[in-house]
Structure formats: structure tokens, C-alpha cells
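# What the coordinates show
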Amino acid sequence: MKKTLLFIFLIFIIVLGFAIVASQNSLKQDITTTTTKATVTTKVHITNRNVKEEIYNYALDINYPQTGLKEIDENILFQVFTYVNNFKQAVRAPSPSSVKKTLNISYSTIYNDDNLLSFKFVNDQYMDEKDSSHIIWTKNFVISLQEEIAFKDMLTNFDVLKLLSQYAIEEYKDQNPDEELVLSGFEPKRENFLSFALADTSIIVYFDKSKTLAEDFEINVAFDKLVADLKANNK
């Protein structure tokens with residue numbers, strides 16, 4: 001566990017200027033299964049919550065995780081039901097189409113151990129034949145602190161974005177050698193890298209299918225590779 005947290009700490013210091021000081025200090029204590037901020041919780045029990053709702057013009061099927069940790073659960077709930085409320089607001093207006101509008105939200109747990117919790121969510125929304133969307137978004141938390149590791153803490157360094165962009169382009173070309181690549185979705189811009197998840201020794205970046213990508217795509221980059229390439233590029 002110490003080795004894993006050291007990777008996270010190292011990448012934050014060298015690349016991102018973000019250190020989980022309290023979490024590192026708390027490693028000196030005995031590991032317990034309590035959920036208070038004073039001790040380290042290395043893993044949490046996740047319960048699935050499902051909300052289904054269907055009326056004459058729309059249907060919802062919403063799945064989201066709950067951990068029993070108040071601030072983490074409130075964070076997730078706020079984001080999930082922001083999407084739900086926006087959808088309900090959009091379907092209030094009468095539609096010329098009789099097709100029922102739908103919103104489905106699903107999730108997967110990417111990592112849950114070593115004081116780190118990462119989720120990947122997928123929103124599929126259908127309004128009509130010309131208006132549908134598929135969105136990937138993520139949440140990453142330091143369990144003992146019940147605090148989110150947000151984009152502003154992780155990926156504001158342009159050198160990091162350039163490297164992730166390079167990795168994504170190279171891997172996508174390797175996997176799709178016969179496809180003409182539209183580079184706009186992989187450019188080193190903030191909006192292209194908002195959906196990331198942390199594992200024990202790597203960062204995963206998700207790119208959802210869009211006008212430029214026929215299918216969802218992701219890269220999984222080891223922290224030590226990212227740090228080594230950053231050092232090499234800045235010599």
C-alpha cells in the first residue's frame with residue numbers, strides 16, 4: 001500500500017503540484033475499517049442504487065454507487081442528479097415526436113483500494129433521431145479525506161497534456177491503422193482530458209465516441225512512464 005500511495009504522491013509533486021499530505025501522514029497510524037477522516041480507510045463497501053422512472057414522454061434508468069461515506073456520496077449524488085434534473089427540464093417542452101425520451105446512467109468501479117476510489121460513469125441520452133448523446137465522466141476520491149481529486153489538481157500542466165495527447169494519438173493509430181484520424185479530439189486541451197480515472201500505479205483517460213471517434217477509446221498510462229518522459233523532455 002505504501003508503494004502505491006508513493007506513486008500517487010510522486011506524480012502529484014512532480015507533475016501536478018498536488019500532495020495528499022494528510023493522507024500520507026495518516027499512513028503512520030494503524031489501518032482500521034472506520035470511515036472517519038482521522039484514520040485511513042483503504043477500501044470501501046460499494047452499494048448500487050437504482051432509480052427508474054417512466055411517464056408518457058420520458059424514461060429514466062439511473063445507476064450510481066453509494067459508499068456510506070457522507071461527503072463522497074453527496075458529491076456523486078449532486079453530479080448524477082444534476083444530469084437528471086437537466087434532462088427533466090429539457091423534456092418539459094412539448095415535442096413534435098411521439099418517441100419517448102430516455103436517460104440511462106451506468107457506472108463501473110475502476111479502483112477501490114489503497115485509500116483511492118475511482119469511478120467511471122456513462123450517460124446515454126436520447127431525445128430524438130437528431131439529438132442523442134453518449135458521455136463518459138469520472139470521479140476520483142481520496143478515501144480517508146473524502147475529497148475529490150479533480151482535474152484542476154491533476155492535469156493543468158501543459159507538458160502533461162502534451163504527453164497524454166501523444167500517447168493517445170500513437171495508441172489510437174496502432175489500434176486503427178486504416179482509419180483516418182481526426183486529431184481535434186486528442187489535442188492537448190483541457191476539454192479533451194476531463195474524463196480520467198486513477199488506479200494504483202496509472203492514470204486512465206477516456207475519450208467517448210463522437211463525431212471524430214466511432215467507438216469509445218481509452219489510454220492507460222503508468223505513472224512512472226509519465227514521470228520519466230516528463231523528465232526526459234525537460235532536460
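Let me sum up the structure you'll find in this document.

Conventions and cut-offs
Each residue is numbered by its place in its chain's sequence as written, counting from 1. The predicted origin of the model limits local features to residues at a pLDDT of at least 70 and limits the giving and counting of side-chain atom pairs to 80 or more, whereas totals for whole chains, interfaces and linings rest on all residues. Think of the side-chain values as coming from all heavy atoms in the structure, minus any hydrogens and water. The pairing criterion for strands is at least two bridges between them, as found by DSSP. Where helices and strands are cited, they refer to DSSP runs of H or I of at least four residues and of E of at least two residues respectively, numbered from the N terminus. Note on geometry: axes are lines fitted to C-alpha atoms, helical ones only across the stretch in contact, with angles between N-to-C directions running from 0 to 180 degrees. Every residue pair with non-hydrogen atoms within 4.5 Å of one another is taken to be in contact. When the centres of two rings from Phe, Tyr and Trp lie within 6.5 Å, Trp using its six-membered ring, the rings pair. Their planes under 30 degrees apart give stacked, over 60 give edge-to-face, and anything left gives tilted. For the exposure calls, accessible area comes from a 1.4 Å probe over protein chains only, and a residue counts as buried if that area is under 20% of its type's maximum, exposed if over 50%, partly exposed in between. The span one expects for a helix is its residue count, reduced by one, times 1.5 Å. Arc, as used here, means the arc of the directions from the helix axis to the C-beta atoms.

## A few points about the sheet that holds strand 9 (residues 217–222)
Here we have three strands laid out as an open sheet, ordered 7-8-9, and antiparallel in their pairing. Edge positions in the sheet fall to strand 7 (196–198) and strand 9, since each of these pairs with one other strand and no more. Strand-to-strand, the axes of this sheet are offset by a mean angle of 20°, without reference to chain direction. Of the strands in this sheet, strand 8 (202–207) and strand 9 touch helix 5 (residues 158–175), which is tilted by about 125° from strand 9. In the packing of helix 6 (residues 223–233) onto the sheet, contacts are made with strand 7, strand 8 and strand 9, and the angle to strand 9 comes to roughly 75°.

## Regarding the packing of aromatic side chains
Taken as a whole and judged by the stated rule, the model has 13 aromatic pairs. Ring centres of Phe193 and Phe207 lie 5.7 Å apart, and the angle between their planes is 80°; on these two criteria the pair is classed as edge-to-face. On the criterion of sequence distance, the pair formed by Phe193 in the loop between helix 5 and strand 7 and Phe207 in strand 8 is long-range, its members being 14 residues apart. Each member of the pair Phe193 and Phe207 is classed as buried.

## Structural notes on the sheet that holds strand 1 (residues 47–54)
Taken in spatial order, the six strands make up an open sheet running 1-2-3-4-5-6, and their pairing is mixed. Both outer strands of the open sheet, strand 1 and strand 6 (147–148), are each paired with one neighbouring strand and no more. Docked against the sheet, helix 3 (residues 70–90) engages strand 1, strand 2 (58–66), strand 3 (101–113), strand 4 (116–128), strand 5 (131–142) and strand 6, running at close to 170° with respect to strand 2.

## Describing helix 3
With 21 residues, helix 3 ought to run about 30 Å at 1.5 Å a step, and its terminal C-alpha atoms sit 30 Å apart, in line with that. All of the buried residues along helix 3 are Ile72, Asp73, Ile76, Val80, Val84 and Phe87. Down the axis, helix 3 shows its buried residues gathered within 95° of arc, on one side only. Residues of helix 3 that are exposed and point over 90 degrees away from its buried face: Lys70, Phe78, Asn86 and Gln89.

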